[in-house]
Amino acid sequence: MTTVNVREFIGGARFNRFHAGMLFWACFIITFDMYDLVVYGSVLPVLMKQWSLGPVEAGAIGSYGPVGMMVGAILFGILADRFGRKKVLTASIVLFSSATALSGFAPGPVEFSVLRVLGGLGIGGILPSVIAMLTDYAPKNRANTLVAIVMCFFSVGGILAAFVAMLLLPAFGWQSVYWVAVLPLLFLPFMMKYFLDSPAVLLEKKQFEALRSALSKVNPGAAPGPSVEFTGVQEKEPGSPVGALFKNRRALGTLMIWVAFFMCLLMVNGLTIWLPQLMVEAGYALGSSLTFMIVLNVGAIVGTLVLGKLSDTWGVKRVLVPMFVISAVSLTLLGFADNMVVLLLLVALTGACTMGAQNISYSFVSQYYPSFMRSTAIGLASGVGRMGAIVGPTFGGILLTLKLPVEMNFLFFAIPGLIAALAFLFVPLAVKSSGRPAGHKDQDESNVEPVAGDTVAVAP
């Protein structure tokens, strides 16, 4: 009987049309994931005027979406590892696209808030499945690159939201900006053939034909036959995947990752929501303020790609810690700059070192845990991070209510960056048989797992 090591089989595959299709649709989904978050900041000045919203109330409404995202990330992340990522990802897209598009028909802030929560549930379920799926099926030494490319499209979504707001807002009103979110639902039938469940889940459920089909897509030239032993996939540990986050020397790393995600998403989401208004408070017109949003997201795209490459060379942790420190410094300086060129450079650097570093953080988490618990780990980290995202808009609204100097507003948003840097500093990396920590530049970072050593699953 032929033996196929699933990890080596996937790692040895060449990047092909199927990988490209999976990557394309993952980027498409993530674009609209971020679109929903950023578009609220783009229409916020209009909504505050039309619905007579104060800063604290507007900030609270901005937090309702992340509340749904938090619950959705945790719930759907766990469900994806249990029932399969394809079903969960499909359900998440339907929920998020429908609720976001319907937000454009909301007659007031109450209905709008309810729809934002429902849309947030769907959005929260997308990232754990997409990132875990890409990590599971990426060719060797390509996982960081693929995840970095996909995460860049969070920033593309931010840029798209700003451009759509500039184009549609004056002519068709704020409602039209939300109607654009129906597009993922329309394209869902084209995406589904590129959605794959985890090899670990397929083996656990003895869905050997589905696993052979998945492997034949990933590596068509070496498709496994009907009588094959599958090895190289770590068996599910006893107990729930949530409990496994704290077993086998993972507890400290899990807690530190959660702290870092909370602080970074507080900083990112608060800044994303309030940057246009902060710039209006500083004396800039709304159009100029939206330009800062575009520059912020362009910086995040460039930063994500550069940091992804540096992570492949030096290790993700060695990149993340200094980048979060730089993010705090650039945010602080942003409050003191008055030259437009300097402001734009600082905004771009802030995007690279906040949103860019956060994007790479997801790549780190996706590789830090074994496949059988990967969606759960990403979902829990994202869910805890969304708690920070919930606090961020309200935090910014309180700062504006206090009428503090602009410099102080940016300083307060910078402090979480330093805390995130310290948290990642204390994340322990596994020691492999070579005696060097996982994530060393001479090692394959696709196995940054606290416990090495895969067990065997056998097909009949």
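What this report covers is the structure whose coordinates are included nearby. (Residues numbered from 1 in each chain as written. Predicted model: local features only at pLDDT ≥ 70, side-chain atom pairs only at ≥ 80, totals over all residues. Heavy atoms only, no water.)

**Topic: the environment of Val94**
Along the chain, Val94 falls in helix α4 (residues 85-102). Residue Val94 is classed as partly exposed on the basis of its relative accessible area of 35%. Along the chain, Val94 and Val233 lie 139 residues apart, while their C-alpha atoms are 31 Å from each other. Not counting residues up to four positions away in its chain, the partners in contact with Val94 are Leu185 and Leu188. (Helix = DSSP H or I, 4+ residues; strand = E, 2+ residues; numbered from the N terminus. Buried < 20%, exposed > 50% of the residue type's maximum accessible area, 1.4 Å probe, protein only. Contact = heavy atoms within 4.5 Å.)

**Overview of the packing of helix α14 (residues 316-334) against helix α18 (residues 406-425)**
In a pair of packed helices, the angle between the axes and the distance between the axes together describe the arrangement. Following both chains from N to C, one finds α14 and α18 inclined at 170°, their axes separated by 8 Å at the closest point. The angle between the axes of α14 and α18 places the two elements in the roughly antiparallel class. Counted together, Lys317, Leu320, Val321, Phe324, Val325, Ser327, Ala328, Leu331, Thr332 and Leu334 of α14 and Phe410, Leu411, Phe413, Ala414, Gly417, Leu418, Ala420, Ala421, Phe424 and Leu425 of α18 form the full contact between these two elements. Along the lines of polarity and charge, the residues of the contact of α14 with α18 split into 16 nonpolar, three polar and one charged. (Axes fitted to C-alpha atoms, helices over the stretch in contact; angles between N-to-C directions. Parallel < 35°, antiparallel > 145°, perpendicular 65-115°, else oblique. Nonpolar A, V, L, I, M, F, W, Y, C, P; charged D, E, K, R; others polar.)

**Points about unusual backbone geometry**
You will see that Ser52, though not glycine, has its phi angle at about 55°, which is positive. Even without being a glycine, Arg249 presents a positive backbone phi close to 65°. Mapped onto the fold, Arg249 is located in the loop between α11 (241-244) and α12 (251-281).

**Digging into empty space enclosed by the protein**
Applying the stated criterion across every chain yields a total of three cavities of 30 Å³ or more. Considered as a void within the structure, the largest cavity measures approximately 190 Å³ in volume. Along the walls of the largest cavity sit 16 residues, with Met34, Phe154, Leu265, Val268 and Asn359 positioned nearest its centre. Mapped onto the lining of the largest cavity, the elements with two or more residues apiece are α2 (17-50), α6 (143-172), α12, α16 (355-368) and α17 (374-401). Here the lining of the largest cavity takes four residues from α16, the largest share from any one element. A breakdown of the residues in the lining of the largest cavity according to their chemical character gives ten nonpolar, four polar and two charged. (1 Å grid on protein atoms, 1.4 Å probe; cavity = no way out; pocket = protein on both sides within 12 Å on 5 of 7 lines; lining within 4 Å. Points joined across faces, edges and corners; volume = space filled by probe spheres on them.)

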